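In case you want the letters, here they are:
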Amino acid sequence: MIPNPTDRQEFPVVTEKKVILAEPRGFCAGVRRAIAIVEKALEVHGAPVYVRKEIVHNHYVVAVLKRQGAIFVDSEEDIPPGAVCVFSAHGVSPEVRGNAQARELTTIDATCPLVSKVHQEARRYARDGRTLLLVGHADHEEVEGTYGEAPDRTVIVESAESARELDLPRDTPVAVLTQTTLSQDETAGVIAELKDRFEDLQSPADGDICYASTNRQIAVKEIARRSDLVLIVGSRNSSNSVRMVEVARLEGTAAHLVPDVTELDTDWLTGVDAVGVSAGASAPEILIEQLLTRLEELGYGGLELATTAKEDVVFQLPSGLGQARPSA
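Everything numeric here is computed off the predicted structure, so don't read it as measured data.

Below, the discussion takes up the overall build of the chain. The secondary structure content of the chain amounts to ten helices and 13 strands. Considered along the principal axes of its C-alpha atoms, the chain spans approximately 95 × 55 × 30 Å. Expressed as a percentage of the 328 residues in the chain, the buried residues total 49%. A sequence separation of at least 24 residues applies to 76% of the contacts in the chain between residues at least 6 apart. With 33 positive and 51 negative side-chain charges, the chain shows a spacing of 3 Å between the two charge centroids.

Below you can see the structure in the form of structure tokens.
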């Protein structure tokens with residue numbers, strides 16, 4: 001007897017728990033270059049090589065480089081005269097460069113080329129007599145370095161509210177620069193306020209937020225729309241990683257920062273069938289793999305790749321890095 005289709009037996013729907021993995025994610029070209037610079041400096045000059053601040057904002061990367069012989073310091077003043085000093089990917093001010101020269105340090109600049117571009121813009125706008133409105137977080141090393149290019153002409157703007165409260169005449173000639181690791185959406189609101197506030201405003205035609213931050217935020221939006229929870233691998237002091245968490249939450253999806261797998265709270269997974277995973281631009285792939293392994297152990301056996309862009313940017317190492325320090 002042929003069964004009547006209207007008499008179908010009901011079966012429970014089995015939904016496989018899965019991970020939706022963002023692509024691109026993790027290391028960007030500037031981070032790869034900065035790490036390679038420290039490793040090459042150790043190879044050429046031998047340990048110790050001193051690094052001013054964290055080379056990139058990731059605790060795992062810093063720990064690995066420490067084991068190789070890098071010494072991380074808060075200030076160039078903490079480095080013995082004549083030693084090798086690497087400036088971090090976030091850039092430094094002219095004052096820091098001057099201090100390093102006075103201490104006769106052999107300096108190697110690992111500043112991300114996209115941050116160096118912002119420094120160049122700051123100098124140019126300052127020469128033009130404009131007041132620089134630097135959108136970013138005042139306590140971030142990148143902002144400190146850019147601010148130092150023209151401290152007497154620069155005002156840091158941290159939010160749309162602070163943009164509205166600027167005590168400057170409407171006709172003040174201004175230029176807007178931004179920290180490279182900000183959220184595109186949040187920054188757009190601040191810049192809109194500044195454009196409404198000032199009659200004579202200039203800014204770089206292509207903006208300052210780096211391609212990697214933008215690409216990772218777009219990918220996070222995609223996985224957030226398809227997930228019940230988003231996990232971002234990255235250190236707490238990584239600005240771009242924190243912004244990615246914010247971007248996911250703005251899509252209406254729960255999201256958390258996971259510095260490493262030991263900080264995964266399994267309570268976050270209650271009632272979650274699809275977990276979106278990405279990583280900040282300074283987070284190494286090994287930390288992502290460890291998180292994926294743990295999620296698989298917890299039942300998230302399915303894996304989907306959500307690709308929103310392909311990245312092929314490569315930044316060359318500084319010229320002369322391969323030359324050993326002259327002997328005394």
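From this point on, the discussion continues.
Okay, the packing of helix α8 (residues 211-225) against helix α9 (residues 239-250) next. The contact between α8 and α9 brings their axes to 9 Å, and the two run at 30°. The chirality of how α8 crosses α9 is right-handed. Here S213, R216, Q217, V220, K221 and A224 of α8 come into contact with α9, specifically with N240, R243, M244, V247 and A248. Along the lines of polarity and charge, the residues of the contact of α8 with α9 split into five nonpolar, three polar and three charged.

What follows concerns empty space enclosed by the protein. Applying the stated criterion across every chain yields a total of two cavities of 30 Å³ or more. Estimated volume of the largest cavity: approximately 260 Å³. If you go around the largest cavity, you meet 20 residues; those closest to its centre are C28, V31, H90, T181 and N240. By residue class, the composition of the lining of the largest cavity is eight nonpolar, eleven polar and one charged. Taken as a whole, the second largest cavity spans an internal volume of roughly 60 Å³. Every residue lining the second largest cavity is listed: V135, G136, H137, E158, L182, S183, E186, T187 and V190. Of the residues forming the lining of the second largest cavity, the biggest block, three residues, is contributed by helix α7 (residues 184-197). When its residues are assigned to classes, the lining of the second largest cavity shows three nonpolar, four polar and two charged.

So, about the confidence of the model for the chain. For residues with low pLDDT, the predicted coordinates do not support detailed interpretation. Within the chain, residue pLDDT values average 93, and 93% of them lie at 70 or more. Taken as a whole, residues 1-14 scores under 50 in pLDDT and shows zero contacts with residues more than four places along the chain or in a different chain.

Definitions and cut-offs
- Residues numbered from 1 in each chain as written.
- Predicted model: local features only at pLDDT ≥ 70, side-chain atom pairs only at ≥ 80, totals over all residues.
- Heavy atoms only, no water.
- Helix = DSSP H or I, 4+ residues; strand = E, 2+ residues; numbered from the N terminus.
- Buried < 20%, exposed > 50% of the residue type's maximum accessible area, 1.4 Å probe, protein only.
- Contact = heavy atoms within 4.5 Å.
- Lys, Arg positive; Asp, Glu negative; His and termini not counted.
- Charge placed at Lys NZ, Arg CZ, Asp CG, Glu CD.
- Axes fitted to C-alpha atoms, helices over the stretch in contact; angles between N-to-C directions.
- Left-handed = near helix turned anticlockwise from the far one by under 90°.
- Nonpolar A, V, L, I, M, F, W, Y, C, P; charged D, E, K, R; others polar.
- 1 Å grid on protein atoms, 1.4 Å probe; cavity = no way out; pocket = protein on both sides within 12 Å on 5 of 7 lines; lining within 4 Å.
- Points joined across faces, edges and corners; volume = space filled by probe spheres on them.
- pLDDT = per-residue confidence, 0-100.

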